[in-house]
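The chain contents come next:
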Amino acid sequence: MALEKYLRKLAAHPVIRRNPSDVAQPAKGGRDLLRIFKELRQSVANDWGGAKPPVVEEDKEFLEKRKKMQDFEMELTNVSQQAESLVKAQQDMGETLGQLGLAFVKLTKFETEEAKFNSQKVRAADMKNVATSAVKASRLYRELNAQTVKHLDKLHEYLGVILAMNNAYADRSNALLTVQTLLSELANLNSRIEKLETAASKIFGGDRSRLRKIEELKETMRVTDEAKNCAVREYERIKENNKNELERLDKERHDDFFGMLKGFVINQAGYAEKMASVWETVASETSGYATKSS
């Protein structure tokens, strides 16, 4: 109710007369060019001005966590690229083994059709075993890759989470900039009122035009102060949301990545054993060639 009454006052104010919901909110799009320019000027003053802004980000814990999150984003991007390379390598290996198996199938067919001696038939049977094993290994690599993508997809999920966190940080920075801008406006209004009051006091009986202007500025200052209070509350709300989200993310990140790595390692080890078994069988079936060559 209090906010609703305040917004109605802004809507009826003779000086401001603009969308009251914009007063305590950061400027967005082209809805309020004046506010955009004011916040841009405040931003430039923050970066290049010699004076310290009227209020700054003082939450050291938040600043430390944001820095850690930025480092985490860089590491996550690097690991995600490596994961993509691993998936591509496994995919290439699976395709290569599939092509190898197909080549041996064709060679086996040729040897079988052209075989005249028993030794040729034996060699054709051995090549068929190699072809079968290569096809099996190719299929295992495809299954392995599908599971790898499933486990490592958590990396891409967290890249999305990081993007959302960066948007939240931007909202926080914009909210702080709004507070800074309104505080600067209040200081400027107060300075103008003081100058007008000083000038009016030097004239006997007062200066009606100056006194009227002083009253208008005081009303503008009162409304701006209420807008500042709303902006501060919005800034505090965003800060509290940031705190809760960072705490939740810290806990979920540990659990999620532990589960991802556990599943990935178990998957890699399991399929490595299956593929080793396939090639051990081939080695056993073709061991006679090694004996003859030695």
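Presented here is a report on the structure given in the accompanying data block.

Thresholds applied
- Residues numbered from 1 in each chain as written.
- Predicted model: local features only at pLDDT ≥ 70, side-chain atom pairs only at ≥ 80, totals over all residues.
- Heavy atoms only, no water.
- Helix = DSSP H or I, 4+ residues; strand = E, 2+ residues; numbered from the N terminus.
- Buried < 20%, exposed > 50% of the residue type's maximum accessible area, 1.4 Å probe, protein only.
- Contact = heavy atoms within 4.5 Å.
- Areas by Shrake-Rupley, 256 points an atom, 1.4 Å probe, with all protein chains shown as cover.
- Axes fitted to C-alpha atoms, helices over the stretch in contact; angles between N-to-C directions.
- Parallel < 35°, antiparallel > 145°, perpendicular 65-115°, else oblique.
- Left-handed = near helix turned anticlockwise from the far one by under 90°.
- Nonpolar A, V, L, I, M, F, W, Y, C, P; charged D, E, K, R; others polar.
- Core = buried A, V, L, I, M, F, W, Y, C linked by side-chain atoms within 4.5 Å.
- Expected span 1.5 Å × (residues − 1).
- Bend = angle between axes of the 7 residues up to and from the residue.
- Phe/Tyr/Trp six-rings, centres within 6.5 Å; stacked < 30°, edge-to-face > 60°.
- Lys NZ or Arg CZ within 6 Å of the ring centre and 35° of its normal.

Broken down by element type, the protein chain carries six helices and zero strands. Each helix and strand of the protein chain, ordered N terminal to C terminal, gives the series α-α-α-α-α-α. Burial analysis of the protein chain (294 residues in total) assigns 32% to the buried set. Contacts in the protein chain between residues at least 24 apart in sequence constitute 79% of all its contacts with a sequence separation of at least 6. For the protein chain, the accessible surface area stands at approximately 18,800 Å², while carbon and sulfur atoms represent 57% of it.

It is worth spelling out the packing of helix α3 (residues 60-114) against helix α5 (residues 208-285) at this point. Here α3 crosses α5 at 20 degrees, and the two axes come no closer than 13 Å. Classed by the angle they form, the pair α3 and α5 counts as roughly parallel. As α3 runs across α5, the sense of the crossing is left-handed. Of the residues in α5, those touching α3 at Phe 62, Lys 65, Met 69, Phe 72, Leu 76, Leu 86, Gln 90 and Leu 97 are Asn 242, Leu 246, Glu 247, Leu 249, Asp 250, Arg 253, Phe 257, Phe 264, Gln 268 and Trp 279. In the contact of α3 with α5, the residues fall into eleven nonpolar, three polar and four charged.

Another aspect to go through is the nonpolar core. Judged by nonpolar contacts, the single largest core of 16 residues is most densely connected at Met 69, Phe 72, Leu 76, Leu 155 and Phe 257. Breaking this core down by element, the ones donating at least two residues are α3, α4 (118-201) and α5. If one sorts the elements of this core by residue count, α4 sits on top with six residues. Among residues more than four places away in sequence, those in contact with Phe 257 are Phe 72, Leu 76, Leu 155 and Tyr 158.

On to α4, then. Counted at 1.5 Å a residue, the expected span for α4 with its 84 residues is 124 Å, and the 123 Å between its end C-alpha atoms agrees. Of all the bends found along α4, the most pronounced is centred on His 151 and spans about 35 degrees.

Looking now at the environment of Phe 104. With respect to the helices and strands, Phe 104 occurs in helix α3. Classification of Phe 104 by relative accessible area gives partly exposed; the value is 22%. Dropping the residues within four chain positions of it, Phe 104 is found in contact with Met 127, Val 130 and Ala 131.

Moving on, we come to the environment of Asn 174. The topology assignment puts Asn 174 in helix α4. Residues Asn 174 and Ser 43 lie 131 residues apart in sequence; the distance between their C-alpha atoms is 9.8 Å.

Another point: the packing of aromatic side chains. Counted under the stated rule, the structure contains four aromatic pairs. A ring pair is formed by Phe 62 and Tyr 169, whose centres lie 5.6 Å apart and whose planes are at 75 degrees; its orientation type is edge-to-face. Residue Phe 62 is located in helix α3, and its partner Tyr 169 is located in helix α4; the two are separated by 107 residues in the primary sequence. For Phe 62, a relative accessible area of 4% gives the class buried. Taken together, the ring pairs in this structure connect Phe 72, Tyr 158 and Phe 257 into an aromatic cluster. Across from the ring centre of Phe 62, 3.5 Å away, lies the NZ or CZ of Arg 172, which sits over that ring.

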